[in-house]
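Observations on the three-dimensional arrangement
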Amino acid sequence: MRWSRYPINTVKETPSEAEVISHQLMLRAGLIRRLAAGIYTWTPFGLRALRKVEQIIREEMDRAGALEVLMPAVQPAELWQESGRWEQYGPELLRLKDRHQRDFVIGPTHEEVITDLARRELKSYRQLPVNFYQIQLKFRDEIRPRFGVMRGREFIMKDAYSFHLDQASLQEGYDLMRDAYVRMFTRMGLEFRPVKADTGSIGGTASEEFQVLADSGEDAIAVSDGADQYAANLELAPALPPSDRRPTATSSMQKVATPGQKTIEDVAAFLKVPTQRTVKLLMVEGSEGGVVALAIRGDHELNAIKAQKLPGVASPLRMASREAVLATTGCEPGFLGPVDLKCPLYADHAALALADFVCGANEVDHHLTSVNWGRDLPEPTATDLRNVAEGDPSPGGSGQLRIRRGIEVGHIFQLGRKYSEAMQATVLDEAGKPIVMFMGCYGIGVTRIVAAAIEQNHDAAGIIWPEPIAPFTVVLVPLNANKSEKVRALSEQLYATLQQAGVDVLLDDRDARPGVKFADAELMGIPHRLVISDRGIDSGNLEYRHRRASANEEWPADEVVNRLIAAHPKA
RNA sequence: CGGGAUGUAGCUCAGCCUGGUAGAGCACUACGUUCGGGACGUAGGAGUCGGAGGUUCAAAUCCUCUCAUCCCGACCA
């Protein structure tokens, strides 16, 4: 492509709507343009990167034996009513009517459509296993779209659905997809981790997310630094019970006045004890009405996913109202404690490991010190209630957990029979008996990957594309081509040669000053830059610089073509 | 959907408090100079001041309503 014929400008100033770096750089480089909240146009340069991501996905899906399909973005409501998700999905599902007042949705996902296809086409166990995938536009009417293309409402997703006769086959298909995902993200040059994940609303059993590590990521993940390679979403990572036995009590319980000291930090500072020696009590709504108390160590965070799975606790988790707390304890939040409670109590393992701890007295402006489980109150039910913390032992068996941020770019599930059962997707087995198929589903946020790659690969000057997904592999920068015939001639010749060799090459033939060209090439993040100047031609060496390098290299003029061809990524 | 903020030229923003002829920088057009790290000069084009209503002799500025966008809480690829 010739830059002089490309009508979309880069900008120096950061658009005020962009908060994260990838969004800023994508707008500044002119990769995307916003049309409405969470809805973007991909410009030619941006689209090139997007297409490369898609192509890698396609190649690896095909390699894994999956079959590409393209399902409709607009889907009839009947299918959603059949699966029950017409009611379940809520306002995130964009619903519309056609001219005959028939209900439709713009698909946020395609389980219903694929299951419908499967039940029509798949009749025999002989046809299994099979995996269908597509790369398709989705629409989810997010409460709060943000971060540009990272959390858009309209986005491109690769979704795949596999069908199996039994659980063992599903496991095989799942493992195959897991391997394919590892290959894809590796090929894209991303630093990522497969992490154990909650299955959330989609349901099912085993599930892993593929997280691209980036400080701006929306997900917290727990990663082991040990040999066990353990990695899990923070909301799922189990906090192991402490191995140390609880120390013996040394002093008797006392009530102390703590006027106005409502938070753990306040109380700990006021009483001059570390927060690790305190226990905080959180009151949540019970599943049958009433409230349930949860005790965790003062410095720990409650894990909502773990809590809402406890018997008697409402799911999704809701904090109890102030009125309910008052009614149960006779005390306001801020001074709650587990002693003499009149409601069910769960306590986190770490809280239970404490002796002589500080907690609320269930009396305004008072706390208790030197409280001991078993002595001052009955031993409550021990469970895992908290988020793991930096330095906790890894559940994988070796090493300690580190808390990192990640961008979820892929998620694979073993769905089991949830959808196939609801929609009667069966095949006949060897005995001629109908069997409800097992399903797996495997998603990738294609548009999000582009943002994630930038999030992970940039510097002060701009984007640094991993080469396999760069819009262009090479940028040729002629200097003063308008004055120098030989610069112009060599640039054209190199451009033609590289193009013929299949290299994605961009010729910056704009009549612009060198500084502008360099700055734009760096903002755009093109991996290989070759400068064509009179100086270089006269010396026989052309100036080359890799986007990640800090200094130039001199390349003999007669070798540049071969070296650049060699640099172009191969599939 | 709650809480906070912002809407003025394509972009970044000033002007609003204290009402009186709509501004700057970047970008764009023309010409000249310049030409290895986002040049300079001259001239120019470009805005229903988000929209509607009100107050006033007079509204970008004050008031009311409305729409949109962004940020903090909720979901997920």
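Relevant structure appears above.
Residues numbered from 1 in each chain as written. Chains lettered and ligands numbered in written order. Predicted model: local features only at pLDDT ≥ 70, side-chain atom pairs only at ≥ 80, totals over all residues. Heavy atoms only, no water.

**Some remarks on the packing of helix H2 (residues 44–63) against helix H6 (residues 167–187)**
Direction vectors running N to C along H2 and H6 enclose 150 degrees, while the axes themselves pass 9 Å from each other. Judged on the interaxial angle alone, H6 and H2 are roughly antiparallel. Classified by chirality, the crossing of H6 by H2 is right-handed. Contacts from Ile56, Ile57, Glu59, Glu60, Met61 and Arg63 in H2 reach Met177, Ala180, Arg183, Met184 and Arg187 in H6. Of the residues in the contact of H2 with H6, the class split is six nonpolar, no polar and five charged. (Axes fitted to C-alpha atoms, helices over the stretch in contact; angles between N-to-C directions. Helix = DSSP H or I, 4+ residues; strand = E, 2+ residues; numbered from the N terminus. Parallel < 35°, antiparallel > 145°, perpendicular 65-115°, else oblique. Left-handed = near helix turned anticlockwise from the far one by under 90°. Contact = heavy atoms within 4.5 Å. Nonpolar A, V, L, I, M, F, W, Y, C, P; charged D, E, K, R; others polar.)

**Things to note about the pairing of strand S15 (residues 291–297)**
The buried count for S15 comes to seven of seven residues, which makes it a mostly enclosed element. Taken together, the seven bridges between strand S14 (residues 279–285) and S15 define a ladder with antiparallel strand orientation. By the bridge assignment, Lys280 is partnered in S15 with Ile296. From the end of S14 to the start of S15, which pair antiparallel, there are five residues, and Gly289 there has a positive phi angle of about 80 degrees. As paired strands, S15 and strand S16 (residues 345–348) are joined by three bridges and run parallel to one another. (Buried < 20%, exposed > 50% of the residue type's maximum accessible area, 1.4 Å probe, protein only. Pairing = 2+ DSSP bridges.)

**Quick look at the nonpolar core**
Formed by 68 residues in total, the largest nonpolar core has its most connected members in Ile57, Phe185 and Met188. When near neighbours in sequence (up to four residues on either side) are disregarded, Ile57 contacts Ile135, Lys158, Met184, Met188, Ile444, Val446 and Ile449. (Core = buried A, V, L, I, M, F, W, Y, C linked by side-chain atoms within 4.5 Å.)

**Considerations on a negative patch on the surface**
Taken together, Asp166, Glu172, Asp175 and Asp179 make up a surface patch of like negative charges. Position of Asp175 among the secondary structure elements: in helix H6. (Patch = residues over 30% accessible without salt bridge, like charges linked within 9 Å, V, L, I, M, F, W, Y side chains within 5 Å. Areas by Shrake-Rupley, 256 points an atom, 1.4 Å probe, with all protein chains shown as cover. Salt bridge = Lys/Arg side-chain N within 4 Å of Asp/Glu carboxyl O. Lys, Arg positive; Asp, Glu negative; His and termini not counted. Charge placed at Lys NZ, Arg CZ, Asp CG, Glu CD.)

**Comments concerning the packing of aromatic side chains**
This structure, assessed with the given rule, holds twelve aromatic pairs. For the pair Trp80 and Tyr89, a centre-to-centre distance of 5.6 Å together with 80 degrees between the ring planes defines the contact as edge-to-face. Given the relative accessible area of 22%, Tyr89 is considered partly exposed. Within the aromatic cluster, the residues linked to one another by ring pairs are Trp3, Tyr6, Phe45 and Phe472. Above the plane of the ring of Trp3 lies Arg510, whose end atom (NZ or CZ) is 4.1 Å from the centre. (Phe/Tyr/Trp six-rings, centres within 6.5 Å; stacked < 30°, edge-to-face > 60°. Lys NZ or Arg CZ within 6 Å of the ring centre and 35° of its normal.)

**A closer look at helix H13 (residues 485–500)**
Over its 16 residues, H13 runs 23 Å from end to end, which matches the ideal 22 Å to within 8%, given 1.5 Å per residue. Within H13 the residues assigned to the buried category are Val487, Leu490, Ser491, Leu494, Tyr495 and Leu498. Looking straight down H13, one finds that the buried residues subtend no more than 135 degrees of arc, so they occupy a single side. Contacts made by the buried residues of H13 are with strand S26 (474–478), strand S27 (505–507), strand S28 (528–532), helix H15 (534–539), strand S29 (541–546) and helix H16 (560–567). Gly502 sits one or two positions beyond H13 and adopts a positive phi of about 85 degrees. (Expected span 1.5 Å × (residues − 1). Arc of directions from axis to C-beta.)

**As for the environment of Met253**
Note that Met253 resides in the loop between strand S12 (231–233) and strand S13 (254–257). Taking the C-alpha atoms as reference points, Met253 and Thr369, 116 residues apart in sequence, are found 5.7 Å from one another. Excluding anything up to four places from it in sequence, Met253 contacts Val339, Leu368, Thr369, Ser370, Val371, Arg375 and Asp376.

**Some points on the side chain of Lys52**
Structurally, Lys52 can be placed in helix H2. Setting aside residues up to four positions removed in sequence, Lys52 forms contacts with Pro468, Ile469, Ala470, Pro471, Thr473 and Asp504.

**Describing the sheet that holds strand S5 (residues 94–97)**
With antiparallel pairing, the three strands of this open sheet are ordered in space as S4-S6-S5. Of all the strands in the sheet, the pair left with one neighbour each is strand S4 (74–76) and S5. Shown here is a sheet whose adjacent strand axes are inclined to one another by a mean of 35 degrees, direction ignored. Where S5 and strand S6 (residues 103–106) come together, four bridges link them in antiparallel fashion. Looking at S6, one finds that Lys97 is bridged to Asp103.

**Focus on the packing of H2 against helix H12 (residues 446–456)**
In contact at an axis separation of 9 Å, H2 and H12 are set at 115 degrees when each is read in the N-to-C sense. Handedness of the H2/H12 crossing: right-handed. Together, Leu50, Val53, Glu54 and Ile57 of H2 and Val446, Thr447, Ile449 and Val450 of H12 make up the contact between the two elements. When its residues are assigned to classes, the contact of H2 with H12 shows six nonpolar, one polar and one charged.

**Details of the sheet that holds S27**
Sheet architecture is open: five strands sit in the order S27-S26-S28-S29-S30, paired in mixed fashion. Looking along the sheet, the strands with just one partner apiece sit at the ends: S27 and strand S30 (553–556). Sheet twist, expressed as the mean angle between neighbouring strand axes with direction ignored, is 30 degrees.

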